[in-house]
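# Summary of structural features
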Amino acid sequence: ITVYLVTLLGVEHGFWVSLGALVALKFDASGTRRTAWQVLLGTVLGFAIGCGLVLLIGTNSLPLWLLLPFVVFLAVYTPGVISLVVGQASFTLFVIVLLGITDPGRLNTAEWRLLDVVLGISVSLLVSLLMWPHGVAPMVARTTRNAIYSSTNFLMSGFERIVDGPITKRSVDTLSRQSANGVQRANEAFDLALRQGRP
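Just so it is clear, the model here is predicted, and its values are computed rather than measured.

So, how was this worked out
Residues numbered from 1 in each chain as written. Predicted model: local features only at pLDDT ≥ 70, side-chain atom pairs only at ≥ 80, totals over all residues. Heavy atoms only, no water. Helix = DSSP H or I, 4+ residues; strand = E, 2+ residues; numbered from the N terminus. Rg over C-alpha atoms; globule rule 2.2 N^0.38 Å. Contact = heavy atoms within 4.5 Å. Areas by Shrake-Rupley, 256 points an atom, 1.4 Å probe, with all protein chains shown as cover. Lys, Arg positive; Asp, Glu negative; His and termini not counted. Charge placed at Lys NZ, Arg CZ, Asp CG, Glu CD. Axes fitted to C-alpha atoms, helices over the stretch in contact; angles between N-to-C directions. Left-handed = near helix turned anticlockwise from the far one by under 90°. Nonpolar A, V, L, I, M, F, W, Y, C, P; charged D, E, K, R; others polar. Phe/Tyr/Trp six-rings, centres within 6.5 Å; stacked < 30°, edge-to-face > 60°. Buried < 20%, exposed > 50% of the residue type's maximum accessible area, 1.4 Å probe, protein only.

### Digging into the overall build of the protein chain
Assigned secondary structure in the protein chain consists of eight helices and zero strands. Starting at the N terminus and ending at the C terminus, the protein chain contains elements arranged as α-α-α-α-α-α-α-α. Whereas a compact globule of 199 residues would reach a radius of gyration of roughly 16 Å, the protein chain reaches 24 Å, over 25% beyond that. Its C-alpha atoms put the protein chain at 85 × 30 × 30 Å along the principal axes. For the protein chain, restricting intrachain contacts to residue pairs at least 6 apart in sequence, the fraction spanning at least 24 positions comes to 74%. A total accessible area of about 11,800 Å² is found for the protein chain, and carbon and sulfur atoms account for 68% of it. Of note, the protein chain has its 14 positive side-chain charges centred 6 Å away from the centre of its 10 negative side-chain charges.

### Focus: the packing of helix α3 (residues 29-57) against helix α5 (residues 84-102)
In the contact formed by α3 and α5, the axes pass within 7 Å of each other and the chain directions differ by 35°. Handedness of the crossing formed by α3 with α5: right-handed. Here the residues of the contact of α3 with α5 sort into twelve nonpolar, eight polar and no charged.

### As for the packing of aromatic side chains
Under the criterion given, the structure shown has two aromatic pairs. Pairing F73 with Y77 gives two aromatic rings, centres 5.1 Å apart and planes at 10°, and the pair type is stacked. With F73 and Y77 both in helix α4 (residues 62-81), this residue pair falls four residues apart, about one helical turn. According to the relative accessible area criterion, F73 is partly exposed, its value standing at 49%. Classification of Y77 by relative accessible area gives partly exposed; the value is 40%. Considering the side-chain rings of F91 and F94, the 6.0 Å spacing of their centres and the 45° angle between planes classify their relative orientation as tilted. Here F91 pairs with F94, and both are found in helix α5, just three residues apart, close to one helical turn. The class for F94 is buried, based on a relative accessible area of 18%.

Here you go:
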């Protein structure tokens, strides 16, 4: 969806739209809403600080070169350690400083970044509302139920093969693969739900 919108609207830095959507997207609408607000708040903070720097520094690129190592460190360090809001603010500030070196004194980079992130957040909110309106819990329940059914079928066919003998090895092998796939999908769904960090 983001690639289509970027192509349709002719967005200058289209990858920011996709990055904004990916960062905000969670497995339920409420989680996506919560993350989207954090991404938006961080981007607005970075936008405000970056615009202040651009207006303060003007067309001299030397101060931007001096700031570059610090904003690179903040953009890399803060997202996983401090918070998503600070991480997004730091990344936005990094983008403004980096692109300000080649085109000092202009605010167009900051404006593009803000608009692209808002577009990406909008896409992620729409997608989460359409794909997971009831959240991640039904997906975890469905994959767990399927894993239990396929594992039970495999266990029963293995037991019948040992006791009765007529069940072919091929059907046991097929049920074994189905059981392993079902358990793997259930584990993945549970891990994703756990990593999402719902309140």
